[in-house]
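Chain residues, written in single-letter form:
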Amino acid sequence: AATSTSAAATTTSAAGGAQPSCQPVGNLAQAATTLNYELNEFSVKGPAAVPAGNVGFQLTNIGRATHELAIFKADTYDTMPKNQHGTVDVAQLPAGTVVGEVDRFPGGGQTCSGVFDLDPGKYVLICNIEFQNGPQVVSHAGRGMVANLEVTG
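Every chain's residues receive numbers from 1 upward, in the order its sequence appears when written. For a predicted model such as this one, the threshold for reporting local features is a pLDDT of at least 70, and the threshold for listing and counting side-chain atom pairs is 80 or more; totals across whole chains, interfaces and linings nevertheless cover every residue. Only heavy atoms go into the side-chain values, all of them from the structure, while hydrogens and water stay out.

**Quick notes on the packing of aromatic side chains**
Quick reminder of the rule: In summary, the pairing rule links any two rings of Phe, Tyr or Trp, Trp by its six-membered ring, whose centres are within 6.5 Å, and it sorts them by plane angle into stacked for under 30 degrees, edge-to-face for over 60 and tilted for everything else. As a reminder, the over-ring test applies to NZ of lysine and CZ of arginine, requiring each to be within 6 Å of the ring centre and within 35 degrees of the ring normal.
Scanning all chains against the criterion turns up two aromatic pairs. An aromatic cluster is present here, built from Tyr37, Phe57 and Phe116 joined pairwise through their rings. Between the NZ or CZ atom of Lys82 and the centre of the ring of Tyr77, over which it lies, the distance is 4.6 Å.

Next comes the structure, spelled out in structure tokens:
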């Protein structure tokens, strides 16, 4: 279900549409470790490593635009299949690559959170939103909204 909503979300965003509200994933209080990340145009800033287990992501969207955080089990963003704009093509990913996502939520300092069970390995955190801005297509990931996360054993 996460893959279909993510794919649909990347294509249906329109400027001036209703602002989505935070839909937390899981209960942050139950996370073994909580990481804080800042989302902005166009960056994802936060820790680069975390112990394996139930990991909470406390997200603060300090930007003006709506952002999301999708978690993929992958070596790097560069090795992932993407469209010509830089948006990750979720349909082309191998099974098990999509870990989950905190769906889009508004900027201006709004917060949202998600809790995910992460095994040891390499992960890529991405805002995979893409939208049409006049004649131009803007991919948040393509503009640099990507971070690597090493999950240690």
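**Concerning the sheet that holds strand E1 (residues 33-40)**
Here is the rule: Between any two strands, at least two bridges found by DSSP are needed for them to pair. Numbering of helices and strands runs from the N terminus; a helix is a DSSP stretch of H or I covering at least four residues, while a strand is a stretch of E covering at least two. To get an axis, a line is fitted to the C-alpha atoms, and for a helix only the part in contact is used. The angle between two axes follows their N-to-C directions and goes from 0 to 180 degrees.
With mixed pairing, four strands are arranged side by side in an open sheet as E2-E1-E4-E7. Edge strands, defined here as strands with exactly one partner in the open sheet, are strand E2 (43-45) and strand E7 (110-118). For this sheet, the mean inter-axis angle between neighbouring strands, taken without regard to orientation, is 25°.

**Here's the deal with the environment of Cys127**
Note the following rule: We call two residues in contact whenever any of their non-hydrogen atoms come within 4.5 Å of each other.
Here Cys127 is to be found in the loop between strand E8 (121-126) and strand E9 (130-133). Once residues lying within four places of it in the same chain are set aside, the contact partners of Cys127 are His67, Glu68, His140, Ala141 and Met145.

**Notes on the environment of Tyr123**
Put simply, the test is: Distance and chemistry together define a polar contact, namely a pair of N or O atoms within 3.5 Å, with one atom able to donate a hydrogen and the other to accept it when in protein, and with adjacent residues in sequence counting only for side-chain atoms on both sides.
Inspection of the secondary structure assignment puts Tyr123 in strand E8. Sequence-wise, Tyr123 and Ala49 are 74 residues apart; in three dimensions their C-alpha atoms are separated by 9.7 Å. Contacts of Tyr123, omitting those with residues within four sequence positions, involve Ile71, Phe72, Lys73, Ala74, Val99, Leu118, Ala147, Asn148, Leu149 and Val151. Engagement of the side chain of Tyr123 in a polar contact is seen with the backbone oxygen of Asp119, the distance being 2.8 Å.

**Points about the pairing of strand E10 (residues 136-139)**
The side chains of a regular strand alternate between both faces of the sheet. Both E9 and E10 contribute to a ladder of four bridges, which runs antiparallel. The partner of Glu130 across the bridge, within E10, is Ser139.

**Observations concerning the nonpolar core**
Inclusion rule: To qualify as a nonpolar core, a set must consist of buried Ala, Val, Leu, Ile, Met, Phe, Trp, Tyr and Cys residues joined through side-chain atoms within 4.5 Å. Buried residues are those whose accessible area, probed at 1.4 Å on protein chains only, stays under 20% of the maximum for their type, while exposed residues exceed 50% and partly exposed ones sit between those limits.
Ranked by internal contacts, the top residues of the largest apolar core, which has 23 residues, are Tyr37, Phe57, Leu59, Leu118, Leu125 and Leu149. Of all elements in the fold, only E1, strand E4 (53-61), strand E5 (67-73), strand E6 (98-105), E7, E8 and strand E11 (146-152) reach the threshold of two or more residues within this core. If sequence neighbours within four positions are ignored, Leu125 has contacts with Tyr37, Phe57, Leu69, Ala70, Ile71, Met145, Val146, Ala147 and Leu149.

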